[in-house]
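An overview of the molecular structure
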Amino acid sequence: YCSQAHYNLHSFQTPQSSSDSSESRYCFPFRVLEREEVGRYVVATRDIDPLELILVDHPAAFGPNHDTSPACLECLLPIDAESIHPCEMCSLPLCSPTTSCGKRRSSGDSIHARAECEVFSKPTPTGFEFRVKLDREVPDGKDSFISPEYGCITPLRLLMLKETEPHTWDRLQLLMDHDEDRRKETRYQEMFQVNVVDFLRKICGFDYTEEEIFRVIGILRTNAFHIQDPIMKRYNVGGRAIFPTFSFLSHSCISNARYSIEPISHKITLRSQVPIRKGDEITVQYMSFMFGQCRRKKEIPSFWFFDCR
């Protein structure tokens, strides 16, 4: 390996030992290769038994979807007029300070405080209007709405990695964005142009180029993992997380590995489902097999621009 940072990405200390010796560290049995038709993909470096640990990855960025209803910008729990606790600096909605979100803010470990809080603490000039949808309804019948301000939060958190975590930023540049295909989706492109690109450049005054911003939007739309627990789903709240290494995994409707996500840290863990031989590609399901073959074959090209074979 070329650096300690790369070594740490490819292994982790086992819970059974507090020692920092190499013997106490587990080496993930995979490597990343590349071929023209699929880009980067993951193969096994040794024979892997069922349920063996293959990969642990942490999100480079975690935040709300562009079309979410109002939620806490720290934990994405739904909020309403009764539960809202505006940030003292920027007035964006957060949970009550008595929650774990409040504890993270007071300790300086807040995602929101490290990213967009300073930006939105500044006054926004008049004359700028978001394209707001007011016709959404949540399942319990209460009127809901989409807050377009949320559309720029996760892209901004990714863009800020360029200065705060340049190593992570460089890793994200290895991911595909399907920019050429996505620019044909004119309705989405127009929305992102106004609510994200123009807002960050013209209103917030960032010097990110349009290409950089559309690049992170494409990375998110191609690679981001959808985060939505039952409570979030009930109130039309959605989140997304981007995993730099996990994103290299290819889809198979009959995959040989399965992942799980921790609800608080959003750490993702990948384990084998069946015996995997050395040199075999390691795959996951982008869409559940419960959707059925017809639906998968229709939706996979629209999201990831490849045909399921």
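Placed above this text is the structure.
In short, a report on the structure. All figures in this text were calculated on a predicted structure; none of them were measured in a lab.

Reading the values: rules and limits
Residues numbered from 1 in each chain as written. Predicted model: local features only at pLDDT ≥ 70, side-chain atom pairs only at ≥ 80, totals over all residues. Heavy atoms only, no water. Core = buried A, V, L, I, M, F, W, Y, C linked by side-chain atoms within 4.5 Å. Buried < 20%, exposed > 50% of the residue type's maximum accessible area, 1.4 Å probe, protein only. Contact = heavy atoms within 4.5 Å. Helix = DSSP H or I, 4+ residues; strand = E, 2+ residues; numbered from the N terminus. Pairing = 2+ DSSP bridges. Axes fitted to C-alpha atoms, helices over the stretch in contact; angles between N-to-C directions. Polar contact = N/O pair within 3.5 Å; in protein donor to acceptor, adjacent residues only side chain to side chain. Phe/Tyr/Trp six-rings, centres within 6.5 Å; stacked < 30°, edge-to-face > 60°. Lys NZ or Arg CZ within 6 Å of the ring centre and 35° of its normal. Salt bridge = Lys/Arg side-chain N within 4 Å of Asp/Glu carboxyl O. Expected span 1.5 Å × (residues − 1).

For the rest of this paragraph, the subject is the nonpolar core. Side chains of nonpolar character tend, in soluble globular proteins, to be buried together. The biggest cluster of nonpolar side chains holds 68 residues, and the ones touching the most others in it are I54, L200, I242, F246, L270 and I282. Those residues in contact with I282 that lie beyond four places of it in its chain are P29, F30, V42, V43, A44, I48, I54, L249, S250, N256, A257 and L270.

This next bit is on the pairing of strand β13 (residues 268-272). A large share of β13 lies buried, amounting to four of its five residues. One ladder, built from four bridges, connects strand β5 (residues 53-57) with β13; its direction is antiparallel. Bridging across to β13, V56 finds its partner in T269. Two elements, strand β12 (residues 257-261) and β13, share five bridges in a ladder whose sense is antiparallel.

What follows concerns the sheet that holds strand β9 (residues 225-227). Taking strand neighbours across the sheet as the criterion, the three strands line up as β6-β10-β9 in an open arrangement whose pairing is antiparallel. Each edge of the sheet is formed by a strand with only one pairing partner; in this case those strands are β6 (61-64) and β9. Strand-to-strand, the axes of this sheet are offset by a mean angle of 25 degrees, without reference to chain direction. In this structure, β9 lies alongside strand β10 (residues 239-242), joined through three bridges in antiparallel fashion. Each bridged residue has a counterpart across the sheet, and for F225 the counterpart in β10 is A241.

Counting through the fold element by element, H251 comes out in strand β11 (residues 250-251). Among the polar contacts made by the side chain of H251, one reaches the main-chain amide nitrogen of C253 at a distance of 3.4 Å. Other than its neighbours up to four places away in sequence, H251 contacts T283, V284, Q285, Y286, M287, I300 and F306.

It is worth spelling out the packing of aromatic side chains at this point. Per the stated rule, a full pass over the model turns up eight aromatic pairs. Where Y26 meets F28, the ring centres are 6.2 Å apart and the plane angle is 65 degrees; that geometry is what we call edge-to-face. On the numbers, 5.0 Å between centres and 85 degrees between planes, the contact of F225 with Y259 is edge-to-face. With a gap of 34 residues between them, F225 in strand β9 and Y259 in strand β12 connect regions that are remote in the sequence. Here a set of aromatic residues connected by ring pairs shows up, and it is made of F225, F243, F246 and Y259. One residue, R35, lies across the ring of Y41, its end atom 4.2 Å from the ring centre.

Turning our attention to the pattern of salt bridges. Applying the stated criterion to the full structure yields eight salt bridges. Of the charged contacts, one joins K162 and E212 as a salt bridge, the two residues approaching to 2.3 Å between their closest N and O atoms. A residue pair is termed long-range when its members are at least 10 positions apart, and K162 in helix α6 (residues 161-164) and E212 in helix α10 (residues 210-223) qualify at 50 residues.

Here strand β4 (residues 39-44) lies mainly inside the structure; five of its six residues are buried. In this sheet, β4 lies alongside strand β3 (residues 30-35) in antiparallel orientation, the contact comprising six bridges. Directly across from L33, in β4, lies its bridge partner Y41. Counting the residues in the hairpin turn of β3 and β4 gives three residues.

If you check α10, its first and last C-alpha atoms are 20 Å apart, about what 14 residues at 1.5 Å a residue would give, namely 20 Å. By the criterion of burial, α10 is predominantly enclosed, with eleven of the 14 residues buried. By the burial criterion, the buried members of α10 are E212, I213, F214, R215, V216, I217, G218, I219, L220, T222 and N223.

Our focus in this paragraph is the sheet that holds β13. Reading across the sheet, the three strands line up as β5-β13-β12 and stay open at both edges, with antiparallel pairing between neighbours. Looking at strand neighbours, the two that pair on one side only are β5 and β12, the edges of this open sheet. Across the sheet, the axes of successive neighbouring strands diverge by a mean angle of 20 degrees, strand direction being ignored.

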